[in-house]
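Fold and geometry: a report
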Amino acid sequence: MTVTERGGAMPENGFGRREVLGAAGISVCGLALAGCGGGETKAQPSLKGRVIAKTADVPVGGGTVIEDLQVVVTQPTQGVYKAFSSVCTHKGCAVSAPKENVIRCACHGSEFSADSGKATKGPATAPLASYKVKVEGDGIVVA
């Protein structure tokens, strides 16, 4: 150990407890901020061009959840199809199939609009990530 100008002892490596704890705190904050990065949400490359549902399986004013793809497909009005992530933006629970143009999360009661994915009732405040889709034949395809 060496003696500092204040007269306290410092380890030979030059790093005291405060320096180590401060560096650890900065590292944790940096990781937390990196995990909260914004930006535009895009369809997963593996979904692009893929038929994710049949038009006959998506009722007007409702929809269906494709669990293995984590996607919810809606038909808010006749012939208009939308697709969103089925992962609630509040705590990551799976949302249920929409009814009456509302997508609900059973975990904490959040609600989302079936035509935009926008959060309409909290605790979620962020919208569901959206996927651009098109109809090809009787299939709904991620564009």
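1. What to know about the overall build of the protein
Helix and strand counts for the protein come out as 1 helix and 12 strands. Ordered by position in the sequence, the α and β elements of the protein form the string β-β-α-β-β-β-β-β-β-β-β-β-β. With 143 residues in all, the protein has 31% of them scored as buried. In the protein, the share of contacts with a sequence separation of at least 24, taken over all contacts with a separation of at least 6, comes to 40%. As presented, the protein carries roughly 9100 Å² of accessible surface, and 55% of it is formed by carbon and sulfur atoms.

2. Thoughts on the environment of Val141
Looking at where Val141 falls in the secondary structure, it is placed in strand 12 (residues 139-142). Residue classification places Val141 among the buried positions, given a relative accessible area of 2%. Put simply, Val141 and Lys54 are 87 residues apart on the chain and 9.0 Å apart in space, counted from C-alpha to C-alpha. The residues contacting Val141, other than those within four sequence positions of it, are Gly49, Arg50, Val51, Lys132, Val133, Lys134 and Glu136.

3. Quick look at the pairing of strand 5 (residues 71-77)
Across a regular strand the side chains alternate sides, sitting on one face of the sheet and then on the other. Most of strand 5 sits out of view: 6 of its 7 residues are buried. The pairing of strand 4 (residues 63-66) with strand 5 spans 4 bridges and is classified as antiparallel. What sits directly across from Ile66, in strand 5, is Val71. Where strand 4 folds back onto strand 5 in an antiparallel hairpin, the turn is made up of 4 residues, including Gln70, whose phi is positive at roughly 55°. Relative to strand 6 (residues 80-85), strand 5 runs antiparallel, the two being bridged by 5 bridges. Along strand 6, the bridge assignment pairs Val73 with Ala83.

4. Details of the pairing of strand 11 (residues 133-136)
In terms of strand pairing, strand 11 meets strand 12 through 4 bridges, oriented antiparallel. Each residue of the ladder has a partner; that of Val135, found in strand 12, is Ile140. Hairpin connection from strand 11 to strand 12: 2 residues lie between these consecutive antiparallel strands, with Gly137 at a positive phi of about 65°.

5. A word on the side chain of Gln75
Checked against the element boundaries, Gln75 lands in strand 5. Within polar-contact distance, the side chain of Gln75 engages the side chain of Tyr81 at 3.4 Å. Ignoring sequence-local partners within four residues, the contact set of Gln75 consists of Val58, Pro59, Val60, Gly61, Gly62, Val80, Tyr81 and Asn101.

6. Considering the sheet that holds strand 10 (residues 130-131)
The strands that make up a sheet are held in pairs by hydrogen bonds between backbone atoms, and each pair lies either parallel or antiparallel. Taken together, 4 strands build an open sheet; the order of strands is 4-5-6-10 and the sheet is antiparallel. Since the sheet does not close on itself, it has two edges, and those belong to strand 4 and strand 10, each with one partner. Sheet topology places strand 6 next to strand 10; 2 bridges connect them, and they run antiparallel. Residue pairing in the sheet places Ala83 in a bridge with Tyr131 of strand 10.

Thresholds, definitions, all that
- Residues numbered from 1 in each chain as written.
- Predicted model: local features only at pLDDT ≥ 70, side-chain atom pairs only at ≥ 80, totals over all residues.
- Heavy atoms only, no water.
- Helix = DSSP H or I, 4+ residues; strand = E, 2+ residues; numbered from the N terminus.
- Buried < 20%, exposed > 50% of the residue type's maximum accessible area, 1.4 Å probe, protein only.
- Contact = heavy atoms within 4.5 Å.
- Areas by Shrake-Rupley, 256 points an atom, 1.4 Å probe, with all protein chains shown as cover.
- Pairing = 2+ DSSP bridges.
- Polar contact = N/O pair within 3.5 Å; in protein donor to acceptor, adjacent residues only side chain to side chain.

The quantities given are spatial measurements derived from coordinates; they are silent on function.
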